[in-house]
Amino acid sequence: IDTIRAGFPALSRTVNGHPASYLDGPGGTQVHESVIAAMAGFMERGGSNHHGNFVTSAETDQMVEDARAAVADLFGCDPAEVAFGQNMTSLVFSLSRALARTWAEGDNIVLTRLDHDANVSSWMQAADDAAVEVRFVDFDPDDGCALDLDTLDQALDSRTKLVAFTHASNAVGSITPVADIVSRAHAVGALTFIDAVHYTPHGLVDVRASDTDFLAASAYKWFGPHTGCLYGKKALLEEIQPYKLRPAPENAPDRWETGTQSFESIAGVAAAIDYIASLGEGGTRRERIIDAYERIHVYEQAISDRFLARIAEMPGVELFGEQTSEGRTPTFAIEVEGTTPEEVATRLGEQGIFVWNGDYYAVEVMARLDRSEHGLVRIGFIHYNTIAEVDRVLDAVVGLIPTWNSD
């Protein structure tokens, strides 16, 4: 862990004389030094726009193709099925507008109440434009906030065009059964879209195993820059007409990339994936990535077990979501009795402990938990966090719990 942490320059920062504990990973992870070097190196060498007849442009073309291959190894797909964009939200808005042109009145789409709003509002607005019905899959707050697949089955029918859902909740950490959901959607002829933004730092993405039609993730959630990555089955990327300037490239995935991309960021995306791969062993980069996630899972599960064991003993603190380390990411939403989430986050921040408060764009989640007004406190761990940081944040939370006279 010391070697890993040494590769993240930001982790050496102090706040008010305290070491900084970055427990805000669900909102964005810190960037590895190799990523910083790759981005700076692209600009230092004199990067140019692509498709030009000179050396720096050719180098940009090659860098982008290398980055597509890296994302393909991360997702388990073909490089021709990877497109880049500003972020996951922008990519979903673009895809939703394109897909909506294929919908007709009387059709429906299915969303979930477990999702980040990027995977809700984008589709709701597209559905409104196309005059199609929006149906929701529920989750059970009393059962670890697990997605209720019975409500999925009730929502699906022969007019369902799309099922959009999260791989893991950015609010309460619940992991969804992606292959099962995709299978149920495909059984009625619907396409599927998976928001893998929150899941990707913690677990292996495998689009072939899940058979999803589309998936998106943002590199700044897995140690890279602010760039989004879209997977789509090649036939669909070629068949569906995106919103695009003239003349539009005919080949996928170029036709899905609007405007000039942030090439220095794309260089950083590839470096971030190579960093993940460096944590594992194997003959190919995909094999190293698979092994790396197995190691990450073991380490993060130990962190989760420590957090959950201690939080269960704290009076006045409520944990929302799964109460064990199984079926969840190390992302924890809590409420401290007698104080607001904002007050908790502020007090912890003064001690150099970075956590989020509010709804973190999980609007439907907070509404379902009846916490829309103030939201919750979110504490998230990444593989560069330590057991000592678990104890540090929980000791600090204990100090914030109000005490009452026994009378």
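What counts, and where the lines are drawn
Residues numbered from 1 in each chain as written. Predicted model: local features only at pLDDT ≥ 70, side-chain atom pairs only at ≥ 80, totals over all residues. Heavy atoms only, no water. 1 Å grid on protein atoms, 1.4 Å probe; cavity = no way out; pocket = protein on both sides within 12 Å on 5 of 7 lines; lining within 4 Å. Points joined across faces, edges and corners; volume = space filled by probe spheres on them. Helix = DSSP H or I, 4+ residues; strand = E, 2+ residues; numbered from the N terminus. Nonpolar A, V, L, I, M, F, W, Y, C, P; charged D, E, K, R; others polar. Pairing = 2+ DSSP bridges. Axes fitted to C-alpha atoms, helices over the stretch in contact; angles between N-to-C directions. Core = buried A, V, L, I, M, F, W, Y, C linked by side-chain atoms within 4.5 Å. Buried < 20%, exposed > 50% of the residue type's maximum accessible area, 1.4 Å probe, protein only. Contact = heavy atoms within 4.5 Å. Phe/Tyr/Trp six-rings, centres within 6.5 Å; stacked < 30°, edge-to-face > 60°. Salt bridge = Lys/Arg side-chain N within 4 Å of Asp/Glu carboxyl O.

**Student:** Looking at this structure, I do not really get the layout of surface pockets. What am I missing?
**Tutor:** In this approach a probe as big as a water molecule rolls over the atoms, and the regions it shows empty are the leftover space. Empty space within the largest pocket amounts to approximately 360 Å³. Around the largest pocket, the lining is made up of 22 residues, and of these His116, Tyr220, Lys221, Tyr360 and Tyr361 lie nearest the centre. Elements supplying a minimum of two residues to the lining of the largest pocket: α4 (88-100) and β16 (356-358). For the lining of the largest pocket, the residue count by class is nine nonpolar, ten polar and three charged. Its volume calculated, the second largest pocket comes out at about 270 Å³. Among the residues forming the lining of the second largest pocket, the class breakdown is four nonpolar, seven polar and four charged.

**Student:** What am I meant to see in the sheet that holds β16 here?
**Tutor:** Ordered by their spatial adjacency, four strands build an open sheet running β13-β14-β17-β16, and the pairing between neighbours is antiparallel. Bordering the open sheet on either side are β13 (317-320) and β16, each of which pairs with just one other strand. For this sheet the average axis-to-axis angle between neighbouring strands, irrespective of direction, equals 30°. Bridge count between strand β14 (residues 331-336) and strand β17 (residues 376-380): four bridges; the pairing is antiparallel. By the bridge assignment, Ala333 is partnered in β17 with Arg378.

**Student:** Can you help me understand the nonpolar core in this one?
**Tutor:** Across soluble globular proteins, nonpolar side chains show a tendency to be buried alongside one another. By size, the foremost hydrophobic cluster in this structure holds 77 residues, and its most contacted members are Phe75, Phe84, Val163, Val172 and Trp222. It is helix α10 (residues 263-278) that provides the largest number of residues to this core, a total of eleven residues. Not counting the four nearest positions on each side in its chain, Phe75 is found in contact with Val205, Asp206, Val207, Leu215, Ala217, Cys229, Tyr231 and Arg286. Of all hydrophobic cores here, the second largest spans 30 residues; its members include Ile109, Leu111, Val132 and Phe214.

**Student:** What exactly am I supposed to notice about empty space enclosed by the protein here?
**Tutor:** Using the criterion set out here, one finds one cavity of 30 Å³ or more in the structure. The space that makes up the largest cavity amounts to roughly 30 Å³. Val110, Thr112, Val137, Leu147, Leu149, Leu152, Val163, Phe165 and Ile181 together form the lining of the largest cavity. Secondary-structure elements contributing two or more residues to the lining of the largest cavity are β5 (108-112), α6 (149-155) and β9 (160-166). Its residues assigned to classes, the lining of the largest cavity shows eight nonpolar, one polar and no charged.

**Student:** Explanation requested: the packing of α10 against helix α11 (residues 285-311) in the structure shown.
**Tutor:** To characterise two packed helices, one gives the angle between the axes of the helices and the distance between these axes. Their axes nearest at 7 Å, the elements α10 and α11 cross at an angle of 65°. Residues Ile273, Asp274, Ile276 and Ala277 of α10 pack against Arg285, Arg288, Ile289, Ala292 and Tyr293 of α11. Residues of the contact of α10 with α11, tallied by class, amount to six nonpolar, no polar and three charged.

**Student:** Mind showing me how you'd approach the packing of aromatic side chains here?
**Tutor:** When we look at a pair of aromatic rings, we describe it by the centre distance and by the angle of the planes. Counting across every chain of the model gives eleven aromatic pairs. Relative to Phe223, the ring of Phe8 lies with its centre 6.0 Å away and its plane at 70°, an arrangement referred to as edge-to-face. Taken together, the residues Phe8 in the loop between α1 (2-6) and β1 (14-15) and Phe223 in the loop between β11 (214-218) and β12 (228-232) connect sequence positions 215 residues apart. For the pair Phe8 and Phe223, one class covers both residues: buried.

**Student:** What is the right way to look at the pattern of salt bridges in this model?
**Tutor:** Evaluated as defined, the whole model comprises 24 salt bridges. The partner of Arg184 in a salt bridge is Asp180, with the nearest N and O atoms 2.9 Å apart. Separated by four residues within a single helix, Arg184 and Asp180 lie in helix α7 (residues 178-187), roughly one turn from each other. On the basis of relative accessibility, which here comes to 23%, the residue Arg184 falls in the partly exposed class. Given a relative accessible area of 31%, Asp180 falls into the partly exposed group.

Without other data, these values stay purely geometric and don't point to any function.
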